Amino acid sequence: MGPLSFLLFAIPLGPSMVPILMEWTASSVVAGLRFSGIPVWQEGTNFVIPTGQWSVIEWCSGVRYLSVSTFAGSVFAYLTFSSWQKRAVFVAISVVLPIVANWVRAYTIVVVAHLSSNKYGVVVGHLTLGWIIFGIAVFAIFSVGARWRDPSSQHVATEGTRPDAVSTSRVAAALLLVLVCVVPWRL
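Just so it is clear, the structure is predicted and the values come from calculations on it, not from any experiment.

Engineer: Teacher, can you tell me more about the environment of Val 138 here?
Structural biologist: Relative to the elements of secondary structure, Val 138 occurs in helix H5 (residues 124-147). Residue classification places Val 138 among the buried residues on the basis of a relative accessible area of 5%. Measuring from C-alpha to C-alpha, the distance between Val 138 and Val 68 comes to 9.7 Å, with 70 residues separating the pair along the chain.

Structure representation (structure tokens):
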């Protein structure tokens, strides 16, 4: 039943979520800018600060963060936990964390560009910072999930082996899975 449930990821929900995610991202960036003391004017997904105009477009919505994190989190939960409650909590975290990470990414890019008079945070810095923040978020969620893993009779540690070797290999495999899923989207 578990492997068949992954067929749910064949349903294209991403495009319908893009406008909502764009609005949430723009609103979170504007809230962060106001909290930081940077004057901002917002109209929909567009906003203006003293150093320039910004717009949250489809590529900045975070739908890729969400889809990749949800899929990778579901695979990780299926392989790591035996109780459906732990799996459900982990998948829920895998849904919420990329949305928040995208907000942090967008806010950070705008603030870096603002503080550097638009020298940094635009174009190359935009993509690089996005990859770094997403990588940190995914690594954090898999690290926490590895600590909460269920003991398995197949992975009982013997003398001379490290009991955390299984979690490290699973985290590495999950990160590799994320890269395999993300890289084609970025090329």
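Engineer: Just to check I follow, could you spell out the environment of Pro 12 for this structure?
Structural biologist: One can find Pro 12 in the loop between helix H1 (2-5) and helix H2 (14-36). Residue class for Pro 12 comes out exposed when judged on its relative accessible area of 64%. Spatially, the C-alpha atom of Pro 12 lies 9.8 Å from that of Ser 67, the residues being 55 residues apart in sequence.

Engineer: Looking at this model, I keep getting lost on the pairing of strand S2 (residues 46-49). Mind explaining?
Structural biologist: Along a regular strand, successive side chains alternate from one face of the sheet to the other. Residues Phe 47 and Ile 49 line the buried face of S2, whereas the alternating positions Asn 46 and Val 48 sit on a face that is not buried. In the sheet, strand S1 (residues 41-43) pairs with S2 via 3 bridges, with the strands oriented antiparallel. The partner of Trp 41 across the bridge, within S2, is Val 48. Hairpin connection of S1 to S2: 2 residues between the antiparallel strands, including Gly 44 at a positive phi of 65°.

Engineer: Looking at this model, I keep getting lost on the packing of aromatic side chains. Mind explaining?
Structural biologist: A ring pair, where both rings are aromatic, is described by two values, the distance of the centres and the angle of the planes. With the rule as written, the count across this model stands at 5 aromatic pairs. Note on Phe 90 and Phe 142: the rings are 6.5 Å apart at their centroids and 15° apart in plane angle, and the pair reads as stacked. Of this pair, Phe 90 sits in helix H4 (residues 84-115) while Phe 142 is found in helix H5, placing the two residues 52 residues apart along the sequence. Note on accessibility: Phe 90 and Phe 142 belong to one class, buried.

Engineer: What is the right way to read a nonpolar patch on the surface from this model?
Structural biologist: On the surface, Val 89, Ile 93, Val 144 and Trp 148 cluster together into a nonpolar patch covering about 350 Å² of accessible area. Assessed through its relative accessible area of 33%, Ile 93 is described here as partly exposed.

Engineer: Even after reading the chapter, I still don't get the packing of H2 against H4, so can you show me in this structure?
Structural biologist: The relative placement of two packed helices is expressed as an angle between their axes plus a distance between the axes. Their axes nearest at 9 Å, the elements H2 and H4 cross at an angle of 50°. The angle between the axes of H2 and H4 places the two elements in the oblique class. Between H2 and H4 the crossing geometry is right-handed. Residues Leu 21, Trp 24, Thr 25, Ser 28, Val 29, Gly 32, Leu 33 and Ser 36 of H2 touch H4, and the partners they reach there are Ile 99, Asn 102, Trp 103, Ala 106, Tyr 107, Val 110 and Val 111. For the contact of H2 with H4, the per-class residue count stands at 10 nonpolar, 5 polar and no charged.

Parameters and conventions
- Residues numbered from 1 in each chain as written.
- Predicted model: local features only at pLDDT ≥ 70, side-chain atom pairs only at ≥ 80, totals over all residues.
- Heavy atoms only, no water.
- Helix = DSSP H or I, 4+ residues; strand = E, 2+ residues; numbered from the N terminus.
- Buried < 20%, exposed > 50% of the residue type's maximum accessible area, 1.4 Å probe, protein only.
- Pairing = 2+ DSSP bridges.
- Phe/Tyr/Trp six-rings, centres within 6.5 Å; stacked < 30°, edge-to-face > 60°.
- Patch = residues over 30% accessible without salt bridge, like charges linked within 9 Å, V, L, I, M, F, W, Y side chains within 5 Å.
- Areas by Shrake-Rupley, 256 points an atom, 1.4 Å probe, with all protein chains shown as cover.
- Salt bridge = Lys/Arg side-chain N within 4 Å of Asp/Glu carboxyl O.
- Axes fitted to C-alpha atoms, helices over the stretch in contact; angles between N-to-C directions.
- Parallel < 35°, antiparallel > 145°, perpendicular 65-115°, else oblique.
- Left-handed = near helix turned anticlockwise from the far one by under 90°.
- Contact = heavy atoms within 4.5 Å.
- Nonpolar A, V, L, I, M, F, W, Y, C, P; charged D, E, K, R; others polar.

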